[in-house]
Amino acid sequence: MAELLTADAIRLEAAAASAEDAIRVTGGVLVEVGAVAESYVDAMLAREQSVSTYMGEGFAIPHGTVESKDTVQRNALSFVRFPDGVDWNGHDVRVAIGIAAVGDDHIGILSKLAMILVDPDQAKQLREASDADAVLALLQPSEGEEIS
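Student: Lay out the overall build of the protein chain with the relevant residues and their values.
Tutor: In terms of helices and strands, the protein chain carries five helices and five strands. Sequence-ordered secondary structure for the protein chain, helices as α and strands as β, is β-α-α-β-β-β-β-α-α-α. For 148 residues, the compact-globule estimate of 2.2 N^0.38 gives 15 Å, and the protein chain sits close to it at 14 Å. Taken over the C-alpha atoms alone, the protein chain extends approximately 35 × 30 × 25 Å along its principal axes. Taking all 148 residues of the protein chain together, 47% fall into the buried category. Considering only residue pairs separated by 6 or more positions, the protein chain has 66% of its internal contacts joining residues 24 or more positions apart.

Student: Give a detailed account of the side chain of H63, specifying residues and quantitative values.
Tutor: Locating H63 in the fold gives a position in the loop between β3 (59-60) and β4 (76-88). For H63, a relative accessible area of 10% translates into the label buried.

Student: Describe the confidence of the model for the protein chain, and please don't skip the residues or the numbers.
Tutor: Overall, the predicted model of the protein chain reaches an average pLDDT of 89, with 92% of residues at or above 70. The least confident element of the protein chain is helix α3 (residues 105-117), whose mean pLDDT is 76; the most confident is helix α1 (residues 19-32), at 98. Counted against residues more than four places away or in other chains, residues 143-148, with its pLDDT under 50, gives eight contacts.

Student: I'd like to hear about the pattern of salt bridges, residue by residue, with values.
Tutor: Under the defined criterion, the tally for this structure stands at six salt bridges. The salt bridge partner of R81 is E13, with a shortest N-O separation of 3.8 Å. Placement of the pair is R81 in strand β4 and E13 in the loop between β1 (10-11) and α1, with a sequence separation of 68 residues. Here E13 falls in the exposed class, since its relative accessible area comes to 65%. Linking E20 and R24 is a salt bridge whose minimum nitrogen-to-oxygen distance equals 3.2 Å. Pair noted here: E20 and R24 are both in helix α1, with a separation of four residues, about one helical turn.

Student: Quick one: what's the story with the pairing of strand β5 (residues 91-100), residue by residue and with numbers?
Tutor: Burial analysis of β5 places seven of its 10 residues in the buried class, which makes it a mostly covered element. As defined by bridge partners, β3 adjoins β5 across two bridges and the pair is classed as parallel. The partner of A60 across the bridge, within β5, is A96. Pairing between β4 and β5: nine bridges, direction antiparallel. Looking at β5, one finds that W88 is bridged to H91. Hairpin connection, β4 to β5: the antiparallel pair is bridged by two residues, and N89 has positive phi, about 55 degrees.

Student: How would you summarise the sheet that holds β5 if you had to cite specific residues and measurements?
Tutor: Strands sit in the order β1-β4-β5-β3-β2 across an open sheet of five strands; the sheet is mixed. Where the open sheet ends on each side, the last strands, each with one partner, are β1 and β2 (54-56). Relative to β4, β1 runs parallel, the two sharing two bridges. What sits directly across from R11, in β4, is V80. Where helix α4 (residues 120-128) meets the sheet, it contacts β3, β4 and β5, and its direction lies at approximately 85 degrees from that of β4.

Student: Account for α1, naming residues and giving values.
Tutor: Between its first and last C-alpha atoms α1 spans 20 Å; for 14 residues at 1.5 Å apiece the expected length is 20 Å, and the two agree. Residues A19, A22, I23, T26, G27, V29 and L30 constitute the buried set of α1. Buried residues of α1, seen end-on, are gathered within an arc of 145 degrees and therefore sit on one face of the element.

Criteria and thresholds
Residues numbered from 1 in each chain as written. Predicted model: local features only at pLDDT ≥ 70, side-chain atom pairs only at ≥ 80, totals over all residues. Heavy atoms only, no water. Helix = DSSP H or I, 4+ residues; strand = E, 2+ residues; numbered from the N terminus. Rg over C-alpha atoms; globule rule 2.2 N^0.38 Å. Buried < 20%, exposed > 50% of the residue type's maximum accessible area, 1.4 Å probe, protein only. Contact = heavy atoms within 4.5 Å. pLDDT = per-residue confidence, 0-100. Salt bridge = Lys/Arg side-chain N within 4 Å of Asp/Glu carboxyl O. Pairing = 2+ DSSP bridges. Axes fitted to C-alpha atoms, helices over the stretch in contact; angles between N-to-C directions. Expected span 1.5 Å × (residues − 1). Arc of directions from axis to C-beta.

Quick look at the structure:
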């Protein structure tokens, strides 16, 4: 997962008035780093309307629809922290991790993120990371574990 997230795609002091705003910010980072076309952000919003991307532990993982795959230039993640929280359909979200994936690659990425987020301690450390290097270190695979 480390190769999917780079320091330039990490924002630790974002603000959003709603889940929609948070998705726009999170998707906007993917656009900024050249992972997706701007239209991908609309697909992320469409996905959220059909299925919530709230994952628990204060995290949401917004991503586009199947139909938006042709707007993805490369697999990538964005990591956006909202210190004041965002109301995500009744859930308090502190971090949104945007996913851009070619083909069905998002399934593996979602699975790997879910494995990290089911550990409350790891989730807490990610929510409270003080800089981009800390976020990147927390998302590094454990010794002997391979993440692609």
